[in-house]
Amino acid sequence: QLQASGGGLVQDGGSLRLSCAATGNIFSVGYMGWYRQAPGKQRELVATIGSEGTTDYADSVKGRFTISRDNAKKTMYLQMGSLTLEDTAVYFCYAAIVNWGRKTEDVYWGQGTQVTVSS
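Residues numbered from 1 in each chain as written. Predicted model: local features only at pLDDT ≥ 70, side-chain atom pairs only at ≥ 80, totals over all residues. Heavy atoms only, no water.

> Any chance you could break down a nonpolar patch on the surface for me, citing the residues and the numbers?
A cluster of nonpolar side chains, contributed by Tyr31, Val107 and Trp109, occupies part of the molecular surface with about 280 Å² of accessible area. Of note, Val107 is situated in strand β10 (residues 106-109). Classification of Val107 by relative accessible area gives partly exposed; the value is 42%. (Patch = residues over 30% accessible without salt bridge, like charges linked within 9 Å, V, L, I, M, F, W, Y side chains within 5 Å. Areas by Shrake-Rupley, 256 points an atom, 1.4 Å probe, with all protein chains shown as cover. Salt bridge = Lys/Arg side-chain N within 4 Å of Asp/Glu carboxyl O. Helix = DSSP H or I, 4+ residues; strand = E, 2+ residues; numbered from the N terminus. Buried < 20%, exposed > 50% of the residue type's maximum accessible area, 1.4 Å probe, protein only.)

What follows is the structure in structure tokens.
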């Protein structure tokens, strides 16, 4: 139900944009966000965005990453800039989705997309 894309290999200081598209029998998409998991490290919440566009960022990415969403496309983006080796990780998106026929939201996760920053 969530498809993440946009990862890849980028040089130190470069940029990437990740996308996370919600598909299916969707009534509404609520809060969304990105986590990342680097080898040997704990999972880190990178950025979140509410249904009205309110955003929040981990201190480690503030000023470098921008989270946004296109509600019409049911898609979220993470624009990443000034990338460093420390940003190398698998990035996972999540979203709170209400499907048609249901009264409550469920949290869905994307499959993860690898971001590798090289020196």
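What follows continues from the structure just given.
> Can you tell me about the state of the cysteines, naming the residues and giving the values?
Considering all chains together, one arrives at one disulfide under this definition. A sulfur-sulfur distance of 2.1 Å marks the disulfide that ties Cys20 to Cys93. The chirality of the disulfide connecting Cys20 with Cys93 is right-handed, given an S-S dihedral of about 70 degrees. Of the two residues, Cys20 is situated in strand β3 (residues 16-22) and Cys93 in strand β9 (residues 89-99); the sequence distance between them amounts to 73 residues. (Disulfide = S-S within 2.5 Å.)

> Lay out the packing of aromatic side chains with the relevant residues and their values.
Enumeration according to the criterion identifies five aromatic pairs in this entry. Ring plane angle 80 degrees and centroid distance 4.7 Å describe the contact between Phe27 and Trp100, whose orientation is recorded as edge-to-face. Taken together, the residues span a long stretch of sequence, with Phe27 in strand β4 (residues 26-37) and Trp100 in the loop between β9 and β10 at a distance of 73 residues. Assessed through its relative accessible area of 53%, Trp100 is described here as exposed. Counting every residue linked through ring pairs, the aromatic cluster contains Tyr31, Tyr35, Tyr94 and Trp109. (Phe/Tyr/Trp six-rings, centres within 6.5 Å; stacked < 30°, edge-to-face > 60°.)

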